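Here are the chains, one letter per residue:
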Amino acid sequence: MNKTVLVGRLTADPELRQTQSGVASCRFTVAVNRRYADKSTGERQADFITCVAWRQTAEFVSRYFSKGKMIAVEGELRNNNYQDRNHPDVTHYCTEVLVDNVEFCGGKNDSGGNGIHQNNYNNSYSAPPQQAAPQQPNDITYGELSDFEEILSDGDVPF
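Residues numbered from 1 in each chain as written. Predicted model: local features only at pLDDT ≥ 70, side-chain atom pairs only at ≥ 80, totals over all residues. Heavy atoms only, no water.

**Digging into the side chain of Ser25**
Turning to step 1, where the next piece is worked out: In this structure, Ser25 sits in strand S3 (residues 24–37).
Turning to step 2, where the next piece is worked out: Those residues within four positions of Ser25 in sequence are excluded, and the remaining contacts are Glu15, Leu16, Arg17, Ala53, Trp54 and Ala58. (Helix = DSSP H or I, 4+ residues; strand = E, 2+ residues; numbered from the N terminus. Contact = heavy atoms within 4.5 Å.)

In structure tokens, the structure reads:
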């Protein structure tokens, strides 16, 4: 199984690009703090992990995220290699996360100031909600509970 989950901050504004065939892509870097602080300095070190999103996920990231914002990324780890254009005998290797899903995380200020928490499964997303649902009054009655029969055994349940 190849599954990667990252939570960190964007190191720069994501840049949306288009392939020649019009497919949206977005490359961004997430700074992820390590668990433990350096014993000598007391500071936490961070890893800087390159992520690549495609299609609607790329559009979503470039639209709603910016430098310094917290982001949760879910995806697959990919290894890529390529030949150097100037030195054909040199091969470059890179590891990046192919993004499947992104979510806001952190407080209201960390999610663009609007408090949206958006799931983006299957590379699709919907527009943010316009308003919260109205509060229900506290004096609601739900009917007569004596109409229900208590089940003592689940032996007859078909699942």
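**A word on the nonpolar core**
Turning to step 1, where the next piece is worked out: Counting residues in hydrophobic clusters, the biggest one holds 20 residues, and the most contacted among them are Phe28, Val30, Cys51, Phe65, Ile71, Val73 and Val102.
Turning to step 2, where the next piece is worked out: Contributing elements (two or more residues each) for this core: strand S1 (4–10), S3, strand S4 (44–54), helix H1 (55–64), strand S5 (70–83) and strand S6 (91–104).
Turning to step 3, where the next piece is worked out: For Phe28, the residues in contact, after removing those within four places along its chain, are Leu10, Pro14, Ile49, Thr50, Cys51, Ala53, Val61, Ile71, Val73 and Val99. (Core = buried A, V, L, I, M, F, W, Y, C linked by side-chain atoms within 4.5 Å. Buried < 20%, exposed > 50% of the residue type's maximum accessible area, 1.4 Å probe, protein only.)

**What to know about the pairing of S6**
Turning to step 1, where the next piece is worked out: Where S4 meets S6, two bridges bridge the pair, whose relative direction is parallel. Paired with Val52 across the two strands is Leu98, which belongs to S6. (Pairing = 2+ DSSP bridges.)

**What about the environment of Lys3?**
Turning to step 1, where the next piece is worked out: Following the sequence through the fold, Lys3 ends up in the segment before S1.
Turning to step 2, where the next piece is worked out: As a C-alpha pair, Lys3 and Val97 span 94 residues in sequence and 9.4 Å in three-dimensional space.
Turning to step 3, where the next piece is worked out: Setting aside its immediate chain neighbours within four residues, Lys3 contacts Glu74 and Gly75.
Turning to step 4, where the next piece is worked out: Separated by 2.4 Å, the side chains of Lys3 and Glu74 make a polar contact. (Polar contact = N/O pair within 3.5 Å; in protein donor to acceptor, adjacent residues only side chain to side chain.)

**Points about the state of the cysteines**
Turning to step 1, where the next piece is worked out: If you walk through the whole model with that rule in mind, you get zero disulfides.
Turning to step 2, where the next piece is worked out: Of the cysteine sulfurs around Cys26, a residue in no disulfide, the closest is that of Cys51, at 9.7 Å.
Turning to step 3, where the next piece is worked out: You can call Cys26 buried: its relative accessible area is 1%. (Disulfide = S-S within 2.5 Å.)

**Some details on the packing of aromatic side chains**
Turning to step 1, where the next piece is worked out: Applying the stated criterion across every chain yields a total of five aromatic pairs.
Turning to step 2, where the next piece is worked out: Between the aromatic rings of Tyr64 and Phe104, the centroid separation amounts to 6.3 Å while the plane-to-plane angle is 80°, which identifies the pairing as edge-to-face. You can see Tyr64 sitting in helix H1 and its partner Phe104 sitting in strand S6, a full 40 residues away along the chain. Summarising the burial analysis for this pair, Tyr64 and Phe104 share the class buried. (Phe/Tyr/Trp six-rings, centres within 6.5 Å; stacked < 30°, edge-to-face > 60°.)

**Re the pattern of salt bridges**
Turning to step 1, where the next piece is worked out: Tallying each qualifying case throughout the model produces five salt bridges.
Turning to step 2, where the next piece is worked out: Its salt-bridge partner being Arg34, residue Asp47 comes within 2.7 Å of it at the nearest N-O pair. Placement of Asp47 in strand S4 and of Arg34 in strand S3 is noted, with a sequence separation of 13 residues between them.
Turning to step 3, where the next piece is worked out: Relative accessible area serves as the criterion here: at 31%, Asp47 is assigned to the partly exposed category.
Turning to step 4, where the next piece is worked out: With its nearest N and O atoms 2.8 Å apart, the salt bridge here joins Arg78 to Glu76. (Salt bridge = Lys/Arg side-chain N within 4 Å of Asp/Glu carboxyl O.)

**Looking at the pairing of strand S2 (residues 15–18)**
Turning to step 1, where the next piece is worked out: Of the strand pairs in this sheet, S2 and S3 are connected by four bridges, and their pairing is antiparallel. Note that in S3 the partner of Leu16 across the bridge is Cys26.
Turning to step 2, where the next piece is worked out: Taking the residues that link successive antiparallel strands as the turn, the S2-S3 hairpin has five residues, and the phi of Gly22 there is positive, at about 90°.

**Describing the confidence of the model for the protein chain**
Turning to step 1, where the next piece is worked out: Put simply, the protein chain has an average pLDDT of 79, and 67% of its residues get 70 or more.
Turning to step 2, where the next piece is worked out: Predicted confidence for residues 111–128 stays below pLDDT 50, and this span has 40 contacts to residues more than four positions away or in other chains. (pLDDT = per-residue confidence, 0-100.)

**A word on H1**
Turning to step 1, where the next piece is worked out: Residues Thr57, Ala58, Phe60, Val61 and Tyr64 constitute the buried set of H1. Down the axis of H1, the sector holding all buried residues measures 160°, keeping them to one side.
Turning to step 2, where the next piece is worked out: Each element contacted by the buried residues of H1 is listed here: S2, S3, S4 and S6. (Arc of directions from axis to C-beta.)

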